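A look at the structure
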Amino acid sequence: MVTTAPTRLVYQRPTTLSDTPNSYCPGCTHGVAHRLVAEVLDEMDVRGRTIGVAPVGCSVFAYNYFDFDFVEAAHGRAPAMATGIKRVLPDRIVFTYQGDGDMASIGMGEIMHAAGRGENITVIFINNAIYGMTGGQMAPTTLPGQKTTSSPTGRDVEVAGFPLHMAELLSNMEGSGYVVRRSLHDPKNIRLAKKAIRTAFEAQVRGLGFSMVELLSSCPTNWGLTPKDALTWIEERMVLVYPLGDYKVSPSLANLRF
Amino acid sequence: MAEAAIRAGVEAYFGYPITPQTELLEWMAARMPELGRTFLQAESEVAAINMVYGAACTGARVMSSSSSPGVSLMMEGLSYIAGTELPVVLVDVVRGGPGLGNIAPSQGDYYQIVKGGGHGDYFPIVLAPSNVQEAIDLMVLSFDLAEKYRSLVFVMADGNVGQIMEPAELPPFQPLKTQYPDWAVRGAENREKHILSSIYIKPEDEEVTNYRLLERWHEIESNELRYKEYFLDDAEIVVIGFGTAGRVAFSAVRAARAQGIRVGLLRPITLRPFPSAQIAELSKTAKALLVVEMNSGQMLDDVQLAVAGHAPVDFYGRMGGMVPYQDEILAEIVRMAGEDIPLEGDPRRRWAQRVNYGRNGIK
């Protein structure tokens, strides 16, 4: 007599993640970040009322990889565009997905004022310390001494200044309800990142103001490292400059458990 | 104009203070919240137009307003709006420039608005009111045109139209929309997702989009041309002017008629589409044409293209925020009635030598 072991599905593509090949390089953590966002939106069952705003950068085609309504912003303007959508449709869940060049350089004005207004949107901020799409130039978050195509001898702080610490900056805005920094360099941190993304969206649902999750991410191609070494570089180098942690947590979120 | 927009059912306004259009923003600040609609003062014109961009993606009636330097800052966003084929209305109350310039009435943004609207390959609809009543009426029309053609509509008013007070009748209140277009991004409840973007990464796809925009533009050209004619039936001299310049020119034309000069006025209301065919027709019978603007001759180029050398063209302009007096235009008409205007040569250069603003000071 043949018996079949009961099957249990333990892993599948989230329904809000499209079945579309993406344009990210092997080893890039954009895919992980996308998946975490999709898992959270699935768990919250909010596909029908979620609107994403894609940036300019490597994730410019993010709208192809998610399966819900999406718009594509001009470089750096995603928080303004999200503001326009959220103000007209306040019961929708509106989020931007932005890289460091998009958010911390050209879009600095829009992000700071969105946080200052307590704009009830969520921002997923991918910090990989480099401009990926244009081929590896210095970003506002490039580490001191880090070599890029536009800082070929390493970022010289006397010429190019210092990295910008966006989680710390945005946490100082009175309109911020939830601002944290997480990393995507290993499974434990990925799980923590997912919890943070969930909390950020829950903050929005509860009307607690601006929420932002900064995710330290890898860019093996432009860092010139293997995918594995790139993750190690996050752990050993980036985390020192960008400490992980909760920078602003509205007291209303303190007892949320997922 | 703000109240007209409200009565036309505008659901959201995003703007930034800049003279001489701040009254519009202030009116919106008071009125929109009391009607339960969206008003937000943005941190910059850059942010304001991108808020408009986002709100327009929801299919709502949305607008902003600004003045020349602020509109320059909006150009990137306007181009994205055009590329995404969204209905948006922008009022530009034009002031003296370039640069910071001043806050006086000007028409120096003709190129920026009529020929422009930022980078890329598209045509905006441009409406140019010459008085308060027309400004009100064109505001209402602008939303209908924007939605009908999924197009950017500029209402280009000079600082005079933006600041003047005169009696006018407001339109009736329209109910707010309850139906939104099929393409709107409002959440994909029980349907496939919608994406709104101006990206067409494959050139062949962008070309198809450019062609769609062009076809739509041809439809607009066929349907939406607007202009006013005054005393043109027997006119030997045809004056062409828009906005405040057109309004002052009208007074000058009437004064010249009182002196027995056969002169008429064509006042374009749509600067884009432009009444080129009408001007071409007039150039067949006119002795000469006079273009009057509050700039150094920007619409002049379009008139010359339409005339195509069939009749002499002269130009009279004031710049820098100066508004022409009726008598100045009248003097030009009288001069033209009494002399032969050369068919050849550059009307802008002839005007510059005639008025000589630089050496003798302002007349």
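Residues numbered from 1 in each chain as written. Chains lettered and ligands numbered in written order. Predicted model: local features only at pLDDT ≥ 70, side-chain atom pairs only at ≥ 80, totals over all residues.

Quick word on the overall build of chain A
Filter applied, for reference: In this description a helix means any DSSP run of H or I spanning at least four residues, a strand means any run of E spanning at least two, and both kinds are numbered starting from the N terminus. As defined in this context, the radius of gyration uses C-alpha atoms, and a globule is described by 2.2 Å times the residue total to the power 0.38. Exposure criterion: with C-beta atoms placed from backbone coordinates, a residue whose C-beta has 20 or more other C-beta atoms within 10 Å is buried, one with 12 or fewer is exposed, and one in between is partly exposed. Two residues qualify as being in contact provided that their C-beta atoms, derived from the backbone, are within 7 Å of each other.
Each helix and strand counted, chain A has 10 helices and seven strands in total. Relative to its length of 258 residues, chain A is compact, with a C-alpha radius of gyration of 18 Å against a globular reference of 18 Å. Overall, chain A is about 70 × 50 × 35 Å in size when its C-alpha atoms are taken along their principal axes. Per-residue burial for chain A yields a buried fraction of 56% across its 258 residues. The long-range fraction of contacts in chain A, counting pairs at least 24 apart against all pairs at least 6 apart in sequence, stands at 69%.

Notes on the packing of helix α10 (residues 276-285) of chain B against helix α11 (residues 299-307) of chain B
Residues and elements named next belong to chain B. To keep things clear, this is the line we draw: Fitted lines through C-alpha atoms serve as axes, helices being fitted only where they are in contact, and the angles separating the N-to-C directions of these axes extend from 0 to 180 degrees. Here roughly perpendicular refers to angles of 65 to 115 degrees, roughly parallel to angles under 35, roughly antiparallel to angles over 145, and oblique to all remaining angles. Each crossing gets its handedness from the near helix: less than a right angle anticlockwise from the far helix is left-handed, clockwise is right-handed. Note on residue classes: Ala, Val, Leu, Ile, Met, Phe, Trp, Tyr, Cys and Pro are nonpolar, Asp, Glu, Lys and Arg are charged, and everything else, Gly too, is polar.
Axis separation between α10 and α11 bottoms out at 8 Å; the angle between their running directions is 60°. The pairing of α10 with α11 is recorded here as oblique in orientation. In this structure, the crossing between α10 and α11 has a hand that is right-handed. Contact with α10, carried on its side by Ser276, Ile279, Ala280 and Ser283, involves Asp302, Val303, Leu305, Ala306 and Val307 of α11 and no other residues of that element. The class makeup of the residues in the contact of α10 with α11 is six nonpolar, two polar and one charged.

Some details on the pairing of strand β13 (residues 313-317) of chain B
All names here are of chain B. Applied cut-off: Two strands pair if DSSP finds at least two bridges between them. Here a crossover is taken to be right-handed if, once the strands point away from the viewer, the path from the first strand over the helix to the second is traced clockwise.
Most of β13 is tucked away: five of the five residues are buried. Alternating positions in β13 separate into two faces, Val313, Phe315 and Gly317 on one and Asp314 and Tyr316 on the other, with burial throughout. Sheet topology note: the strand β12 (residues 288-293)/β13 ladder contains five bridges and is parallel. Within β13, the residue paired with leucine 289 across the bridge is valine 313. With respect to chirality, the unit in which β12 leads through α11 into the neighbouring parallel β13 is right-handed.

Digging into the environment of serine 176 of chain A
Residue and element names in this part refer to chain A. Within the element layout of this structure, serine 176 appears in strand β5 (residues 176-183). Serine 176 sits 59 residues away from arginine 117 along the chain, and the two C-alpha atoms are 8.4 Å apart. The residues touching serine 176, leaving out its near neighbours within four places in the chain, are Ala115, Leu170, Ser171, Gly209, Phe210 and Lys248.

Brief notes about the domain arrangement of chain B
Residues and elements named next belong to chain B. To keep things clear, this is the line we draw: Source of the domain bounds: an automatic or database domain assignment.
Assigned domains of chain B: these are domain 1 (2-223) and domain 2 (228-360). Spacing between the C-alpha centres of domain 1 and domain 2 amounts to 30 Å. In this complex, domain 1 contributes 28 residues to the contact, which on the side of domain 2 involves 21 residues. Where the side of domain 1 that touches domain 2 is concerned, the elements lending two or more residues are α5 (110-116), β5 (125-127), β6 (152-158), α7 (159-163) and α8 (203-223). Taken together, the residues that form the side of domain 1 that touches domain 2 break down as 16 nonpolar, nine polar and three charged.

Here's the deal with the packing of helix α3 (residues 45-57) of chain B against helix α4 (residues 68-83) of chain B
Residue and element names in this part refer to chain B. Contact geometry of α3 with α4 gives a least axis separation of 8 Å together with a crossing angle of 25°. Here α4 runs roughly parallel to α3, going by the angle between their axes. Relative to α4, the crossing made by α3 is right-handed. In this structure, α3 contributes Glu45, Val46, Ile49, Asn50, Tyr53 and Ala56 to the contact, and α4 contributes Gly70, Leu73, Met74, Gly77, Leu78, Tyr80 and Ile81. In the contact of α3 with α4, the residues fall into nine nonpolar, three polar and one charged.

As for helix α6 (residues 132-149) of chain B
Every α-helix winds through 3.6 residues per turn, so residues three or four apart in the chain are directed the same way. Residues and elements named next belong to chain B. To keep it simple, the criterion reads: Multiplying 1.5 Å by the residue count of a helix minus one yields the expected span of that helix.
With 18 residues, α6 extends 25 Å between its outermost C-alpha atoms, agreeing within 8% with the 26 Å of an ideal straight helix rising 1.5 Å per residue. Within α6, the full set of buried residues consists of Glu134, Ala135, Ile136, Leu138, Met139, Leu141, Ser142, Phe143, Leu145 and Ala146. Buried residues belonging to α6 abut α1 (2-7), β4 (88-94), β5, β6 and α7. Just downstream of α6, arginine 150 is the residue with a positive phi angle, here 45°.

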